[in-house]
Amino acid sequence: MNPALPTRELRALTGLRFFAAALVVFYHFGAAVATRLPRAGQNIIHAGYSSVGLFFVLSGFVLAWNYSERAVTPTDFWKARFARIYPAYFLSLLLAAPFVLSDPRALKVGLGAVFVLPMVQAWTPWTASLWNPPAWSLSVEAFFYLTFPWLVARLTRVPDRSLLRLSLAAWGGSLAVAGVYLALHPGGSGWRLDSPTQDLVSLHAIKFLP
């Protein structure tokens, strides 16, 4: 393994990232557009949050593509990820601070800083959207970055066929969790994040838990 290998750019993924990012934007800000679309188009926009999961997969793929043949220590990898992510993350918290302090729930949000600052807010349904709600995704990424050096060192030694079976099992397991939720709440209104139903906590756990 050569630590001096140059970073290999995957330009074919750029277009895919663009469409995924556009779906996330429309999901958050495209309500007016969605009402003028056919039902199929509305469903696509309402499912735009799923593009975040695609970003996680792409991020893991690119990291494996670039690091699986490098002799990089876990400490060096974590330092590089921290330098790339945390300064911008911390700046976003500072920019959001005035709005947080003016919120009637400021005390609750302030206590949530215990989870937000170390990037572990996505681990509980009650803290996932505190302070800077979109930052929950970086909390999830932080966990993936933490486990990546351990995973890549082991998975690169797994035969391709076994790796495919393992990937399908992991994917099926993640779908099973959401499937159980849908089975327990068929046709209910609890699937919406803004729903006042009592199962909002379990929904937050499914959507945000790493």
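Above this text you will find the structure in question.
Read on for a plain summary of the structure. Just so we're clear, the structure is a prediction, and the values are computed from it rather than from any experiment.

A word on the overall build of the protein chain. If you tally the helices and strands in the protein chain, you get 9 helices and 0 strands. Helices and strands appear in the protein chain in the N-to-C order α-α-α-α-α-α-α-α-α. Relative to its 210 residues, the protein chain shows a buried fraction of 28%. Taking as baseline every contact in the protein chain between residues at least 6 positions apart, the subset at least 24 positions apart corresponds to 61%.

Moving on, we come to the environment of T73. Secondary-structure assignment places T73 in the loop between α4 (50-67) and α5 (74-101). The spacing of T73 and P149 is 76 residues in sequence and 7.8 Å in space, taken between C-alpha atoms.

Bringing unusual backbone geometry into the picture now. Despite not being glycine, M119 has its phi angle at roughly 65°, a positive value. Take M119: its relative accessible area is 10%, and that puts it in the buried class.

Ranked by internal contacts, the top residues of the largest apolar core, which has 14 residues, are L63, F77, Y89 and F148. Of all the secondary structure elements, the ones that give two or more residues to this core are α4, α5 and α7 (136-155). For this core, the element with the highest residue contribution is α5, accounting for 5 residues. Leave out the neighbours within four places in its chain, and L63 touches S68, F77, R81, Y145 and F148. Within the second largest apolar cluster, 8 residues are counted, among which are V24, A122, W136 and F208.

On to the side chain of R81. Within the element layout of this structure, R81 appears in helix α5. Comment: no salt bridge for buried R81; closest opposite-charge side chain is E141, at 6.1 Å. If near-sequence neighbours (up to four positions away) are discounted, R81 is found in contact with L63, Y67, Y86 and Y145.

Once that is clear, we can look at a nonpolar patch on the surface. There is a patch of nonpolar side chains on the surface, built from F90, L91, L94, L95 and L117 and spanning about 460 Å² of accessible area. One can find L95 in helix α5.

Within the secondary structure layout, Q121 lies in the loop between α6 (106-116) and α7. A polar atom in the side chain of Q121 sits 3.5 Å from the backbone oxygen of A135. Setting aside residues up to four positions removed in sequence, Q121 forms contacts with Y89, F115, V116, T127, A128, A135, W136 and S139.

The next thing to look at is the packing of aromatic side chains. In this structure the tally under the stated criterion is 15 aromatic pairs. A centroid spacing of 5.5 Å and a plane angle of 75° characterise the contact between F18 and F19, whose relative ring orientation is edge-to-face. Looking at F18, the relative accessible area reads 57%, which means it is exposed. One aromatic cluster is present, formed by F56, W123, W136, F143, F144 and F208 through successive ring pairs. In this structure, R81 is placed above the aromatic ring of Y145, and the distance from its NZ or CZ to the ring centre is 5.3 Å.

Compared with an ideal rise of 1.5 Å per residue, which puts 28 residues at 40 Å, α5 spans 37 Å between its outermost C-alpha atoms and is within 8% of the ideal. Along its length, α5 reaches its greatest deviation from straightness, about 35°, at L95, and the proline P98 lies no more than four positions downstream. F77, R81, I85, Y86, Y89, L93, A96, A97 and V100 are the residues of α5 that are buried.

Here is what the cut-offs are and how they apply
- Residues numbered from 1 in each chain as written.
- Predicted model: local features only at pLDDT ≥ 70, side-chain atom pairs only at ≥ 80, totals over all residues.
- Heavy atoms only, no water.
- Helix = DSSP H or I, 4+ residues; strand = E, 2+ residues; numbered from the N terminus.
- Buried < 20%, exposed > 50% of the residue type's maximum accessible area, 1.4 Å probe, protein only.
- Contact = heavy atoms within 4.5 Å.
- Core = buried A, V, L, I, M, F, W, Y, C linked by side-chain atoms within 4.5 Å.
- Lys, Arg positive; Asp, Glu negative; His and termini not counted.
- Salt bridge = Lys/Arg side-chain N within 4 Å of Asp/Glu carboxyl O.
- Patch = residues over 30% accessible without salt bridge, like charges linked within 9 Å, V, L, I, M, F, W, Y side chains within 5 Å.
- Areas by Shrake-Rupley, 256 points an atom, 1.4 Å probe, with all protein chains shown as cover.
- Polar contact = N/O pair within 3.5 Å; in protein donor to acceptor, adjacent residues only side chain to side chain.
- Phe/Tyr/Trp six-rings, centres within 6.5 Å; stacked < 30°, edge-to-face > 60°.
- Lys NZ or Arg CZ within 6 Å of the ring centre and 35° of its normal.
- Expected span 1.5 Å × (residues − 1).
- Bend = angle between axes of the 7 residues up to and from the residue.

Structural measurements only, silent on function.
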